[in-house]
Amino acid sequence: MRGLYIHVPFCLKKCPYCDFYSLPFSESRAEEYKNAVVRNLARYNNEQFDTVYFGGGTPSLLYKYIAEILSNVNYTLNAEITAECNPESAGEEVLGELKSAGINRLSIGVQSLNDSELNALGRKHSAEEAKNAVLLANKAGFENISADLMLGVLNQTERSLEQTIDELCRLPITHVSAYLLKIEENTVFGKKYAEIADKLPNEDFQAELYLAAVEALEKRGFIQYEISNFAKSGYESRHNLKYWRAEEYVGIGPSAHSYYKGKRFAVKKSLENFLGSEFQTEEITDEFPDREEERIMLGLRLCEGIELTEKITARLKFIPREYYRISGGRLSLTPKGFLVSNEIIAELLS
Ligand code: SF4
């Protein structure tokens with residue numbers, strides 16, 4: 001069964017490291033956006049989804065409209081329905097509305113529980129607000145809560161990271177997404193890279209932080225199942241697993257990607273275009289021209305890995321043993337291997 005992704009292109013303020021497509025929130029645009037989403041959903045009336053994911057942007061800003069959007073989606077009884085939200089927009093009213101609209105999984109942009117790191121990241125919330133958001137979500141009845149965690153933040157140390165992980169894992173969460181901060185060219189950080197470069201951890205230290213995070217999370221019962229994702233048993237993100245297992249999904253909203261009926265395409269990154277057209281403008285993307293490339297590139301992100309073939313087995317002699325595992329006829333990467341996954345994939349595809 002396919003998944004449904006809805007991209008909400010609004011945020012209260014642009015974070016200096018973020019290159020996701022989002023614009024300043026406005027109430028009138030939000031309503032127009034909701035109408036455009038409903039129009040586009042009509043094209044998939046015959047489709048039943050078993051996962052729905054509101055990503056962004058900051059979907060919690062749209063809390064008043066989530067119920068109406070979901071009433072236009074045909075989803076299964078046990079569907080996983082996720083909404084991303086930020087601590088500063090996760091008050092009691094918002095969380096209550098999201099819960100009664102049918103959201104059963106929240107992904108909260110915690111990023112760090114250290115105020116100086118949050119400040120360096122230009123986040124609008126404090127550590128205390130982030131913790132309160134998780135507790136409030138749990139009080140509102142959410143049992144499946146994921147927290148985003150940022151690694152390699154300016155001034156972060158191994159100790160400050162471990163403290164954040166320790167505090168985070170004491171909260172009622174079931175899942176952690178831990179991403180290394182990447183400076184993208186077209187972001188505020190990218191534009192002032194020369195000024196901040198010496199405050200950023202170098203590659204070796206980033207690797208240490210990543211390996212420390214894997215160890216600290218696993219010690220606390222969050223098992224790694226993907227390069228950047230960790231979950232308590234049974235709480236792996238069913239929606240995101242579809243991406244990595246090369247299963248199909250439909251994307252609605254500016255910048256959303258789809259993999260539908262064998263074709264991959266992306267929606268034009270323009271809110272104007274999305275609001276002004278009857279149906280969103282989609283352009284075919286050519287991310288994986290080759291099925292084997294798709295299988296290796298996506299599958300090796302997962303700890304379940306990929307089925308071994310003769311060709312792959314022959315290439316393994318060029319890869320250091322500490323970077324991979326073989327079990328039950330499958331190949332997967334170790335945490336050290338994940339750090340050099342691009343090089344390993346290039347070797348396997350050569
Ligand atoms: S809140 Fe999230 S989506 Fe919005 S600008 Fe910040 S990182 Fe990007």
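Attention now goes to the overall build of the protein. In terms of regular secondary structure, the protein is built from 15 helices and 17 strands. A compact globule built from 350 residues should have a C-alpha radius of gyration of about 20 Å, and the protein, at 20 Å, falls within 12% of that. For the protein, the spread of C-alpha atoms along the principal axes amounts to about 55 × 45 × 40 Å. Per-residue burial over the protein gives 39% buried out of 350 residues.

Now for the environment of glutamate 93. With respect to the secondary-structure elements, glutamate 93 resides in helix α3 (residues 92-101). Spatially, the C-alpha atoms of glutamate 93 and glutamine 280 are 31 Å apart, while their sequence positions differ by 187 residues.

Take the site of the ligand next. All residues in the neighbourhood of the ligand are listed as Cys11, Lys14, Cys15, Cys18, Phe20, Ser22, Gly56, Gly57, Thr58, Asn86 and Gly109. Grouping the amino acids of the shell around the ligand by side-chain chemistry returns four nonpolar, six polar and one charged.

When the domains of the protein are assigned, the result is domain 1 (2-243) and domain 2 (290-350). Just the C-alpha atoms count here: the centres of domain 1 and domain 2 sit 28 Å apart. Each partner contributes to the interface: domain 1 provides eight residues, whereas domain 2 provides seven residues. Mapped onto the side of domain 1 that touches domain 2, the elements with two or more residues apiece are α9 (203-219) and β9 (223-226). Taken together, the residues of the side of domain 1 that touches domain 2 sort by class into six nonpolar, one polar and one charged.

Spatial strand order, β15-β17-β16: three strands in an open sheet with antiparallel pairing. With partners counted over all chains shown, the strands left at the sheet margins are β15 (306-307) and β16 (324-327), one partner each.

Here leucine 12 lies in the loop between β2 (10-11) and β3 (23-24). Each C-alpha atom, one on leucine 12 and one on glycine 328, is 48 Å from the other, the two residues being 316 residues apart in sequence. Leave out the neighbours within four places in its chain, and leucine 12 touches Phe25, Thr58, Glu88, Ser89 and Lys124.

In contact at an axis separation of 10 Å, helix α12 (residues 291-299) and helix α15 (residues 341-349) are set at 155° when each is read in the N-to-C sense. Put simply, α12 runs roughly antiparallel to α15. Between α12 and α15 lies a crossing of right-handed hand. Mapping the contact onto sequence places Glu293, Ile296 and Met297 in α12 and Ile345, Leu348 and Leu349 in α15. Taken together, the residues of the contact of α12 with α15 break down into five nonpolar, no polar and one charged.

When strand β12 (residues 257-260) meets strand β13 (residues 263-267), the two strands line up antiparallel, connected through four bridges. Opposite histidine 257, over in β13, you have alanine 266 as the bridge partner. Hairpin geometry of β12 and β13 is characterised by an intervening segment of two residues between the two adjacent antiparallel strands and by a positive phi of about 50° at lysine 261. Where β13 lies against strand β14 (residues 282-284), three bridges are found, and the strand directions are antiparallel.

Rules used throughout
- Once a new chain begins, its residue numbering starts again from 1 and follows that chain's sequence as written.
- Totals for whole chains, interfaces and linings use all residues, but because this is a predicted model, local features are given only for residues with pLDDT of at least 70 and pairs of side-chain atoms are given and counted only at 80 or more.
- What counts as a helix is a DSSP run of H or I of at least four residues, what counts as a strand is a run of E of at least two, and both are numbered from the N terminus.
- Computation of the radius of gyration draws on C-alpha atoms alone. For the globule rule, the value is 2.2 Å times the number of residues to the power 0.38.
- Whether a residue is buried, exposed or partly exposed follows from its count of other C-beta atoms within 10 Å of its own C-beta, namely 20 or more, 12 or fewer, or something in between, respectively; the C-beta atoms are built from the backbone.
- Near, for a residue, is defined by distance from a backbone-placed C-beta atom to a molecule or strand, with 6 Å as the limit that must not be exceeded.
- In the scheme used here, Gly and all other residues not listed as nonpolar or charged are polar, with Ala, Val, Leu, Ile, Met, Phe, Trp, Tyr, Cys and Pro taken as nonpolar and Asp, Glu, Lys and Arg as charged.
- Domain borders in the structure are assigned automatically or taken from a domain database.
- Our contact criterion uses C-beta atoms placed from the backbone: two residues qualify when those atoms are within 7 Å.
- Only strands joined by at least two bridges in the DSSP assignment are considered to pair.
- A fitted line through C-alpha atoms represents every axis, and for helices the fit uses only the stretch in contact; the resulting angles, taken between N-to-C directions, go from 0 to 180 degrees.
- An angle below 35 degrees is treated as roughly parallel, one above 145 as roughly antiparallel, one from 65 to 115 as roughly perpendicular, and anything else as oblique.
- Throughout, a crossing is termed right-handed when the near helix is turned clockwise from the far one, and left-handed when it is turned anticlockwise from it by less than a right angle.

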